[in-house]
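Here's the letter readout for the chains.
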Amino acid sequence: MRYTVAWMRIATWNVNSLKVRLDKLGWWIDRARPDVLLLQETKLTDAAAPREELARLGYEIAHHGQGQWNGVAIVSRAGITDVVTNFGLARAVPAAGDESGDAEPLAEARMIAARCGDVRVVSLYAPNGRVVDSPFYQAKLAWYARLEAWLAASCRPDEPLVLGGDMNLAPMDDDVWDAKACHGGTHVSPRERDAFNRLLAWGLVDLYRAKVSQPERFSWWDYRAGHFPKNFGMRIDHLLGTAPVAARARWVEIDREARKGKLPSDHAPVLVDLDEPGHPLDAGWEGAAARRKDREAGKKKPA
DNA sequence: ATGGTAGCGCTGCTA
């Protein structure tokens, strides 16, 4: 049933295989109860998207995948309309002979957009880039240029718009655990940061920077070498909002808890609450119950 | 000491 909510929670999460992460996803949806959840690296075909499982939780899914690599989705309980995939280009199909998954990012499943409630959302999975100045790095910059062109042609800075996803990019030096260790690599290079800053110049706000509501600095930690326990991470998963969204943002949180436990993704979810002061997820069950109660109180008659 | 894990899919690559 469609209803008007008193506030809205939008989250983004690179799940690194939706198939493997399905149980963890269910756990986190119950923990956070997002209205809209942007997913990356589902690694599924559209046919394999877990529609029934999510429907049981009260959510629809719009999925844009290619199997094996990449794959993005929008999960929503606030409606999903006006779906656009791959910047409106041809359907993503792995290029012939592409055994890498990121040789031709513009032909890959890295972008899906839709309208959910009164907000347009975009789920993004930027190419990794591998090595600065490699062909993969050039392709990453070309993908960012395509994103920029799509924004200019299809969106307005004065509409409620949220871009979220794994941007494979740390905007500032304190978004990485050791700027010296990362120097010279991808994710921190000036040309990548220029691309990010052009998104901001167009009219997007890094909601984490605007609302430092919670002290967690990073959203990704390498599986290897104990990087997570040592907190050797990066903030590469972002929620960017236009001014109308930024004005409504009350709380931003990176949920480190989701990186723990059995079968974690190497990324943690990032969430933003619009129109109401948020509560820390670690307020636990009582906090979650209170949020649910708040939501019930916010329900109105079907429109 | 310059490694390590995880996912995909079945060999070695990607991240």
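Predicted, not measured: the structure shown is a model, and the values here were computed from it.

*Asks:* I keep staring at the pattern of salt bridges and nothing clicks. Help me out?
*Replies:* Think of it this way: side chains of opposite charge can pair up when their charged atoms draw near. Tallied over the full model, the rule gives 22 salt bridges. The shortest N-O distance in the salt bridge between Glu108 and Arg110 comes to 2.8 Å. There is no split in this pair, since Glu108 and Arg110 are both buried. Each of Asp174, Asp175, Asp206, Arg209 and Arg235 takes part in a single network of salt bridges with overlapping partners.

*Asks:* What is the right way to look at the sheet that holds strand E8 (residues 161-166) in this model?
*Replies:* Across a sheet, paired strands are connected by hydrogen bonds in the backbone, their directions being either parallel or antiparallel. Strand order in the open sheet made by the six strands is E5-E6-E7-E8-E12-E9, with mixed pairing throughout. Because the sheet does not close on itself, it has two edges, and the strands there are strand E5 (81-85) and strand E9 (205-206). As paired strands, strand E7 (residues 119-125) and E8 are joined by six bridges and run parallel to one another. When the bridges of E8 are listed, Val121 appears paired with Val162. The sheet strands contacting helix H3 (residues 135-154) are E5, strand E6 (111-116), E7 and E8, and the helix crosses E7 at an angle near 170°.

*Asks:* Just to check I follow, could you spell out the nonpolar core for this structure?
*Replies:* Inside soluble globular proteins, nonpolar side chains tend to come together where they are buried. In this structure, Ile10, Val36, Ile74, Val121, Val272 and Leu274 are the most contacted members of the largest nonpolar core, which totals 29 residues. The residues contacting Leu274, other than those within four sequence positions of it, are Trp7, Met8, Ile10, Val119, Val245, Arg248 and Ala249. Of all hydrophobic cores here, the second largest spans 22 residues; its members include Ala113, Met167, Leu169 and Ala195.

*Asks:* How do you make sense of the pairing of strand E1 (residues 8-14) when you look at a structure like this?
*Replies:* Two faces belong to every sheet, and in a regular strand the side chains alternate between them. Here E1 lies mainly inside the structure; seven of its seven residues are buried. With burial as the criterion, each face of E1 is covered, one bearing Met8, Ile10, Thr12 and Asn14 and the other bearing Arg9, Ala11 and Trp13. The sheet contact formed by E1 and strand E14 (residues 270-274) spans five bridges and is antiparallel. Bridge assignment links Ile10 to a residue of E14, and that residue is Val272. As paired elements, E1 and strand E2 (residues 36-40) share five bridges and run parallel to each other. Residue pairing across strands places Thr12 opposite Leu38, the latter belonging to E2.

*Asks:* Looking at this structure, how should I read the packing of H3 against helix H5 (residues 190-202)?
*Replies:* The description of two helices packed together rests on the angle between their axes and the distance between the axes. Following both chains from N to C, one finds H3 and H5 inclined at 5°, their axes separated by 10 Å at the closest point. By the angle class used here, H3 and H5 are roughly parallel. Taking contact as the criterion, the partners of Tyr137, Gln138, Lys140, Leu141, Tyr144, Leu147, Glu148, Leu151 and Ala152 in H3 are, on H5, Arg191, Glu192, Ala195, Arg198, Leu199 and Trp202.

*Asks:* Can you help me understand the packing of aromatic side chains in this one?
*Replies:* Given two aromatic rings, one states the distance between the centres and the angle between the planes to describe the pair. Enumeration over the complete set of coordinates arrives at six aromatic pairs. For the ring pair Phe87 and Trp150, a centre distance of 6.4 Å and an interplane angle of 55° mean the geometry is tilted. Note that Phe87 is positioned in the loop between E5 and E6 and Trp150 in helix H3, a separation of 63 residues in sequence. Residue classification places Phe87 among the buried positions, given a relative accessible area of 4%. The exposure class assigned to Trp150 is buried, which follows from its relative accessible area of 5%. On the basis of an interplanar angle of 80° and a centroid distance of 5.0 Å, the ring pair of Trp221 and Phe228 is categorised as edge-to-face. Across the pair, Phe228 and Trp221 agree in class, each one buried. The ring of Trp27 carries the charged tip of Lys24 above its face, separated from the ring centre by 5.4 Å.

*Asks:* Would you take a moment to explain the sheet that holds strand E13 (residues 249-254) for this structure?
*Replies:* Strands sit in the order E3-E4-E2-E1-E14-E13 across an open sheet of six strands; the sheet is mixed. Pairing within the sheet leaves two strands with one partner each, and these edge strands are strand E3 (60-64) and E13. With strand direction ignored, the average angle separating the axes of adjacent strands in the sheet is 15°. Across five bridges, the pairing between E13 and E14 is antiparallel. Along E14, the bridge assignment pairs Glu253 with Leu271. In the packing of helix H1 (residues 22-32) onto the sheet, the strands contacted are E1, E2 and E14, and the crossing angle to E1 comes to about 155°.

*Asks:* It is not clear to me how the side chain of His227 should be interpreted in this structure. Could you clarify?
*Replies:* Looking at the element boundaries, His227 is found in the loop between strand E10 (220-221) and strand E11 (233-234). When neighbours within four sequence positions are excluded, His227 is seen to be in contact with Trp177, Trp221, Asp222 and Phe232.

*Asks:* Explain H5 to me, please; I cannot follow it from the model alone.
*Replies:* Spacing of three or four residues puts side chains on the same side of an α-helix, whose turn is 3.6 residues. Counted at 1.5 Å a residue, the expected span for H5 with its 13 residues is 18 Å, and the 18 Å between its end C-alpha atoms agrees. For H5, the set of buried residues is Glu192, Arg193, Ala195, Phe196, Leu199 and Trp202. Buried positions along H5 lie against H3, E8, E9 and strand E12 (237-241). Following H5 by one or two positions, Gly203 has its phi on the positive side, about 140°.

So, how was this worked out
- Residue numbering note: each chain is counted from 1, following its sequence as written.
- Each chain takes a letter, starting from A, and each ligand takes a number, starting from 1, following the order in which they are written.
- Residues qualify for local features only when their pLDDT is at least 70, as the model is predicted, and side-chain atom pairs are given and counted only at 80 or more; totals for whole chains, interfaces and linings, by contrast, use all residues.
- Side-chain calculation: all heavy atoms of the structure are included, whereas hydrogens and water are not.
- Whenever a carboxyl oxygen of Asp or Glu lies within 4 Å of a side-chain nitrogen of Lys or Arg, that contact is scored as a salt bridge.
- Under the scheme applied here, a residue whose accessible area is under 20% of the maximum for its type counts as buried, over 50% as exposed, and between as partly exposed, the area being computed with a 1.4 Å probe on protein chains only.
- Between any two strands, at least two bridges found by DSSP are needed for them to pair.
- Here a strand is any run of E in DSSP of at least two residues, a helix any run of H or I of at least four, and the numbering for each starts at the N terminus.
- Contacts between residues were defined by any pair of non-hydrogen atoms, one from each residue, lying within 4.5 Å.
- For every element, the axis is a line fit to its C-alpha atoms; helices are fit only across the contacting stretch, and the angle between N-to-C directions ranges from 0 to 180 degrees.
- Residues belong to a common nonpolar core when they are buried Ala, Val, Leu, Ile, Met, Phe, Trp, Tyr or Cys residues joined through side-chain atoms within 4.5 Å.
- Each angle gets one of four labels, with under 35 degrees taken as roughly parallel, over 145 as roughly antiparallel, 65 to 115 as roughly perpendicular, and the rest as oblique.
- Aromatic rings from Phe, Tyr and Trp, taking only the six-membered ring of Trp, are treated as a pair when their centres fall within 6.5 Å; an angle between ring planes under 30 degrees marks them as stacked, one over 60 as edge-to-face, and anything in between as tilted.
- Only lysine NZ and arginine CZ atoms are considered, and such an atom sits over a ring when it is within 6 Å of the ring centre and within 35 degrees of the ring normal.
- One less than the residue count of a helix, multiplied by 1.5 Å, gives the span that helix is expected to have.

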